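Analysis of the macromolecular model
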Amino acid sequence: MAKSNAVWGIDIGQCALKALKCRPREKEDQQLVVESFDFIEYEKILSQPEAEADELVRDALEQFLSRNEVADDAVAMAVAGQSGLARFIKLPPVESKKIPDIVKYEARQQIPFSLEDVVWDYQQLTGGSEEDGFALEPEVGLFAMKRDQVARALKPLEDAGIEVDYIQLTPLAVYNFVCFDRLGDL
């Protein structure tokens, strides 16, 4: 079955599970419409010594699924910024089509682990300019997370039968929100 154009954003926080369902506005796909949200507070803060974190998260996800249908929607998950690595790099002037190669070279230099041991990606940030196919002073955000940490973050949702389509560090999610929803054509 094909996925709908709606996306659930899920954040498993220290105090609560937070979820938000959005979709592009009809006839104005550059705007989002919030269709639903859910907030499930845990009985205890996950970091408390006597808290059974796995059990609290599992119960919250069961409650979430009892109230919401996610099967046909994409699911994006936020993970804490300290779970991953974020580096911001200004590249030298380079042909735009060569940016991925330059970023891969930089990833080998900036990420303190073998690239095979991490899940990584980059995002070209706003700013800089392009002239005749050359990017002038492009800035990229380089993001990485160890594979075992990715698996650990995904496990509660996978155990609940939720297929995650996107995983993103929380600070980058906030950056994307500000750029997409708040800055517009600035």
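Residues numbered from 1 in each chain as written. Predicted model: local features only at pLDDT ≥ 70, side-chain atom pairs only at ≥ 80, totals over all residues. Heavy atoms only, no water.

**Some words on the overall build of the chain**
Put simply, the rule reads: Only DSSP runs of H or I covering at least 4 residues are called helices, and only runs of E covering at least 2 are called strands; the numbering of each starts at the N terminus. For every residue, the accessible area obtained with a 1.4 Å probe (protein chains only) is divided by the maximum for its type, and the residue is called buried under 20%, exposed over 50%, and partly exposed between those limits. For the accessible areas, the method is Shrake-Rupley and the probe is 1.4 Å, while residue cover comes only from the protein chains on display. For the charge count, each Lys or Arg is scored as positive and each Asp or Glu as negative, with His and the chain ends excluded. Charge coordinates come from a single atom per side chain, which is NZ of Lys, CZ of Arg, CG of Asp or CD of Glu.
Of the regular secondary structure elements, the chain holds 4 helices and 11 strands. Taking the principal axes of the C-alpha coordinates as reference, the chain spans close to 55 × 45 × 30 Å. Taking all 186 residues of the chain together, the buried fraction comes to 30%. Taken as a whole, the chain presents about 12000 Å² of accessible surface, with 51% of it coming from carbon and sulfur. Side-chain charges in the chain split into 20 positive and 35 negative, and the spacing between the mean points of these groups amounts to 2 Å.

**Quick notes on the confidence of the model for the chain**
Put simply, the test is: Looking at any residue, its pLDDT shows the predictor's confidence there, from 0 to 100.
Looking at the chain as a whole, its pLDDT mean stands at 88, while 91% of the residues score no less than 70. Mean pLDDT across the elements of the chain ranges from a minimum in helix H4 (residues 170–182), with 70, to a maximum in helix H1 (residues 53–67), with 97.

**As for the layout of surface pockets**
Basically, it comes down to this: Residues are called lining when one of their atoms sits within 4 Å of a cavity or pocket point, these points coming from a 1 Å grid over the protein atoms alone, where a cavity is a set in which a 1.4 Å probe fits but cannot get out and a pocket is an open set with protein on both sides within 12 Å along at least five of seven lines. Grid points are joined across faces, edges and corners, and a volume is the space filled by probe spheres set on the points. When residues are grouped by polarity, Ala, Val, Leu, Ile, Met, Phe, Trp, Tyr, Cys and Pro land in nonpolar, Asp, Glu, Lys and Arg in charged, and all others, Gly among them, in polar.
Counted as a void, the second largest pocket has a volume near 760 Å³. Taken together, 24 residues form the lining of the second largest pocket, with Ile12, Leu46, Arg152, Ala153 and Pro156 sitting closest to its centre. Residue classes in the lining of the second largest pocket are distributed as 12 nonpolar, 6 polar and 6 charged.

**Details of the packing of aromatic side chains**
Our working definition: Stacked, tilted and edge-to-face are the three classes assigned to paired rings of Phe, Tyr and Trp, where Trp is represented by its six-membered ring and a pair needs centres within 6.5 Å; plane angles under 30 degrees give stacked, over 60 edge-to-face, the rest tilted. Distance and angle both matter: a charge sits over a ring if NZ of Lys or CZ of Arg is within 6 Å of the ring centre and within 35 degrees of the ring normal.
Evaluated as defined, the whole model comprises 2 aromatic pairs. The interplanar angle of 90 degrees and the centroid separation of 5.2 Å between the aromatic rings of Trp8 and Phe64 together place this pair among those described as edge-to-face. Linking Trp8 in strand E1 (residues 7–12) with Phe64 in helix H1, this pair joins segments that are 56 residues apart in sequence. Each member of the pair Trp8 and Phe64 is classed as buried. Taking the centre distance of 5.9 Å and the plane angle of 80 degrees together, the rings of Phe88 and Phe143 count as edge-to-face. Taken together, the residues Phe88 in strand E5 (residues 85–90) and Phe143 in strand E10 (residues 139–146) connect sequence positions 55 residues apart. For the cation-ring pair, Lys146 lies above Phe113, with the distance from its terminal atom to the ring centre recorded as 4.4 Å.

**Things to note about the nonpolar core**
To be explicit about the condition: Throughout this description, the term nonpolar core refers to a set of buried Ala, Val, Leu, Ile, Met, Phe, Trp, Tyr and Cys residues connected via side-chain atoms within 4.5 Å. Any pair of residues with heavy atoms lying within 4.5 Å of one another is described as a contacting pair.
Formed by 26 residues in total, the largest nonpolar core has its most connected members in Ile10, Leu17, Tyr42, Phe64 and Ile162. For this core, the secondary-structure elements that each account for two or more residues are E1, strand E2 (16–25), H1, strand E4 (74–79), E10 and helix H3 (147–159). Here the element with the most residues in this core is H1; it accounts for 5 residues. Those residues within four positions of Tyr42 in sequence are excluded, and the remaining contacts are Ile12, Gly13, Gln14, Cys15, Ala16, Leu17, Leu56, Val57 and Ala60. Ranked by size, the runner-up nonpolar core spans 14 residues in total, among them Val94, Leu115, Val118 and Ala135.

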